[in-house]
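Here is how the chains run, residue by residue.
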Amino acid sequence: MAKEKWASKLGVILAVTGSAVGLGNFLRFPGVACANGGGAFMIPYIIAFIILGLPIAWVEWAMGRYGGKRGYCSAPGIFRAITGKNRTAQIGTLALIIPVVIYMYYVSIEAWCLGYAVKYWTGGMKQVVAEAQQQVTPVPVPESATTQEKEQAHDLFLTKQKDAGVKATQNYLLSFAGVVPESDEAGSGNLRILREFSQSTMPYLLFCFVINFYLIYRGINKGIEWFCRWAMPALLGCALLILIRVLTLGTPDPLNPDASILNGLGFMWNPVGHNLVDGKLVEVGFIEALSNPQTWLAAAGQIFFSLSVGFGIIMTYASYTKDDDDIALSSVSAASGNGFFEVALGGMIIIPAAFVFLGPEMIISAGEKASSLSLGFFALPGVFENMPAGHFFGGLFFFLLFMAAITSSLSMLQPAIAFLEEGLGLGRHAAVTLLGLITAIGALFVSLISNGLTVLDHMDFWTANFCIFLLATTEVIFFAWIMGLDRGLEELAHGAEIKLPKALPFVLKYVTPSFLLIIFGSWLYKEVLSNGPYVKALREDPTVQITVGFLISIFIFFSILVRIAVKRWDQTERTRTENKELAS
Amino acid sequence: MLISVIGMTSLFFWCIRKVLTTPEASEHVHSPADIDPHDQED
């Protein structure tokens, strides 16, 4: 069978955009922007888009198609094809394990999104609210109380009931994801976690696994491209519906006129940042925000994670493009598509709505932690509980997140599938089965040894932060200094309808690597060398030690597989050369 | 806000328009790839 190809340019753009558009666009971006200068954040954001996001994306697209033309679709094969040296294939190991490990916990979050959507739409969340409200006891009123006192007591009771409902939805994840305190009196330890997990999340997790692997099994064209062709427009439709709902909220509580949607938009977009100092909101001016290095680092980090550069996914996707496709334009299209979902939709929905119903302190608190989970699963259910038709829109929002997550999780599986097929010579059945087994072990590890969300959090830190920085920096240096700009840019320009910027060689050779090294260096200093919380936890917490041990095991496992693949490729090439010599 | 939102939206739709109005690339057949046709069994 011939190597697979994308059926159309639009198909590959939708697939790459789908890969990039995920929870970070709708949850992480607004929180980070708000905590780092609001509208002022857009200046470093756009600069980072131009000198970091686009160049790295172009690097991955060019390297991917270069390898694809030579028959390789997996990162180890592509790196080896570029240099012709076996040892460079090991760089590609990182590009295999990053998406596979991220998939292991991302699929759980995907399952939560689907579960929440179903709960909202089938009345399950109403039941959660009702149960919490039933436990609120009426305020005792003496018989001698006046009518006014009785009314006040009743109002207090209603407020308490409402608060209990909101709190129940905000804490729902704790029971839904099977994460409960170990000392909970209803059960203890991992048995309780297992029971809750099997009752609530497991069916959704199974469904997500089946749908992901079914689509991957169908292949690039009939699986990923087909799915993204309808999923991306559906995602856009859901986002527009929610946007209309949010923008027409007006001032829901007449007694609190400041909590209006206009003020919410102002809070998100005015060029004034906000900080929390001792729990109080403090404004940060435009110049002050821009002169803070943290704002620039946050912008670069957001662009970096949002565009899915440094994951190795784009490289594999680009290897399936046709030889004369305009990959330069495809790259800009996918990056701008991601930016559109992030800025024009993500930036207009969450923060204004959360401002109206939860207040600004909660937003800044979540944004400072750059915590998508905190904002999405703990804060937003409170917004939907207060919003008119909130349960319908809550379901729609979590369905939107589910769609965004599934187009991303699909892309995380393809690099490893491509490697297992071309590196180990496995058929599609065997490759899908083996990867399914590996990721299922990882997903169960994340869910069952959860101990709060420790495993998920630390897997995310070491893979989606440390490894991605490392791979992106390596890729850019490799492209500019080892592959050579002439060869790389020739590949990028081949078939291009758009003109590449004249400054691109300079940017790729000096600016982007320097910028990346600065960001990576600052990150290392802040998080690792200064004994940050994650490194401290690694020294002290056995669960974290097990998690990091698990990650190292996966790295060693894939590194061995890459070694086997390289031997196999060598053998195949030798046989081919011998056959050619015999034939001549 | 308007500059950011309109800017990103315009860039995205310009790209999509450009992609849809330029003809699809034809597929070239290459020399045999450096790998086994492993999917033959499927």
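Let us look at the structure shown here. Keep in mind that this is a model prediction, so the values were computed, not measured.

## Regarding the overall build of chain A
- The secondary structure content of chain A amounts to 23 helices and 2 strands.
- By the compact-globule yardstick of 25 Å for 584 residues, chain A fits well, its C-alpha radius of gyration being 25 Å.
- Projected onto the principal axes, the alpha-carbon positions of chain A cover approximately 110 × 55 × 45 Å.
- Of all 584 residues assigned to chain A, the portion counted as buried reaches 61%.
- Accessible area of chain A: about 22,600 Å², with a carbon and sulfur share of 62%.

## Observations regarding empty space enclosed by the protein
All names here are of chain A.
- This model, assessed by the stated rule, comprises 4 cavities of 30 Å³ or more.
- Considered as a void within the structure, the second largest cavity measures approximately 60 Å³ in volume.
- Along its surface, the second largest cavity is lined by V16, A20, A57, W61, L307, V309, I314, S331, A334 and A335.
- Of all the secondary-structure elements, those providing two or more residues to the lining of the second largest cavity are α1 (9–20), α3 (42–69) and α15 (327–357).
- When residues of the lining of the second largest cavity are assigned to their parent elements, the largest contribution, 3 residues, is made by α15.

## Section: a nonpolar patch on the surface
All names here are of chain A.
- Judged by side-chain polarity, I477, W481, I482, F506, Y510 and L517 come together as a nonpolar surface patch covering roughly 620 Å² of accessible area.
- Of all the secondary structure elements, the ones that give two or more residues to the nonpolar patch are α20 (454–493) and α21 (504–529).
- By secondary structure assignment, the location of W481 is in helix α20.
- Of the residues examined, W481 reaches a relative accessible area of 47% and is grouped as partly exposed.

## Considerations on the pairing of strand β2 (residues 280–284) of chain A
- Note that strand β1 (residues 273–277) of chain A and β2 of chain A share 5 bridges and pair antiparallel. Paired with G273 of chain A across the strands is V284 of chain A, a residue of β2 of chain A.

## Overview of the side chain of E475 of chain A
Residue and element names in this part refer to chain A.
- Looking at the secondary structure, you find E475 in helix α20.
- Of the buried charged residues, E475 lacks a salt bridge, with R487 as the closest side chain of opposite charge at 15 Å.
- In contact with E475, not counting residues within four places along its chain, are I56, V59, E60, M63, F79, G310, G312 and M315.

## Some details on the state of the cysteines
- Here the structure, examined in full by the defined rule, presents 0 disulfides over all chains.
- Of the cysteine sulfurs around C238 of chain A, a residue in no disulfide, the closest is that of C113 of chain A, at 12 Å.

## Considering unusual backbone geometry
All names here are of chain A.
- The backbone of S308 sits at a positive phi, close to 60°, despite the residue not being glycine.
- Relative to the helices and strands, S308 resides in the loop between α13 (293–306) and α14 (313–318).
- Given a relative accessible area of 6%, S308 falls into the buried group.
- Phi is positive for N531, close to 55°, though the residue is something other than glycine.
- If you trace the backbone, N531 turns up in the loop between α21 and α22 (533–540).
- Judged by relative accessible area, N531 falls into the partly exposed class, the value being 34%.

## Section: the nonpolar core
Residue and element names in this part refer to chain A.
- Core analysis: the biggest nonpolar cluster contains 209 residues, and M63 and F304 have the highest contact counts within it.
- Of all the elements, helix α5 (residues 91–121) adds the most residues to this core, at 21 residues.
- Discounting chain neighbours no more than four positions away, the residues touching M63 are I78, F79, I82, M315, E475, F478, F479 and M483.

## Brief notes about the packing of aromatic side chains
Residues and elements named next belong to chain A.
- A full pass over the atoms with the stated rule returns 48 aromatic pairs over all chains.
- Taking the centre distance of 6.4 Å and the plane angle of 90° together, the rings of W6 and Y320 count as edge-to-face. A residue pair is termed long-range when its members are at least 10 positions apart, and W6 in the segment before α1 and Y320 in the loop between α14 and α15 qualify at 314 residues.
- Between F340 and F341 the ring centres are 5.7 Å apart and the planes differ by 75°, which places this aromatic pair in the edge-to-face class. Considered together, F340 and F341 belong to a single accessibility category, that of buried residues.

## Here we look at helix α23 (residues 542–583) of chain A
- Helix length check: α23 of chain A, at 42 residues, gives a terminal C-alpha distance of 61 Å against a target of 62 Å (1.5 Å per residue), a fit within 8%.
- Taking the backbone nitrogen of T543 of chain A as reference, a side-chain oxygen 2.9 Å away marks D541 of chain A as the first, capping residue of α23 of chain A.

Scoring rules and cut-offs
Residues numbered from 1 in each chain as written. Chains lettered and ligands numbered in written order. Predicted model: local features only at pLDDT ≥ 70, side-chain atom pairs only at ≥ 80, totals over all residues. Heavy atoms only, no water. Helix = DSSP H or I, 4+ residues; strand = E, 2+ residues; numbered from the N terminus. Rg over C-alpha atoms; globule rule 2.2 N^0.38 Å. Buried < 20%, exposed > 50% of the residue type's maximum accessible area, 1.4 Å probe, protein only. Areas by Shrake-Rupley, 256 points an atom, 1.4 Å probe, with all protein chains shown as cover. 1 Å grid on protein atoms, 1.4 Å probe; cavity = no way out; pocket = protein on both sides within 12 Å on 5 of 7 lines; lining within 4 Å. Points joined across faces, edges and corners; volume = space filled by probe spheres on them. Patch = residues over 30% accessible without salt bridge, like charges linked within 9 Å, V, L, I, M, F, W, Y side chains within 5 Å. Salt bridge = Lys/Arg side-chain N within 4 Å of Asp/Glu carboxyl O. Pairing = 2+ DSSP bridges. Lys, Arg positive; Asp, Glu negative; His and termini not counted. Contact = heavy atoms within 4.5 Å. Disulfide = S-S within 2.5 Å. Core = buried A, V, L, I, M, F, W, Y, C linked by side-chain atoms within 4.5 Å. Phe/Tyr/Trp six-rings, centres within 6.5 Å; stacked < 30°, edge-to-face > 60°. Expected span 1.5 Å × (residues − 1). Polar contact = N/O pair within 3.5 Å; in protein donor to acceptor, adjacent residues only side chain to side chain.

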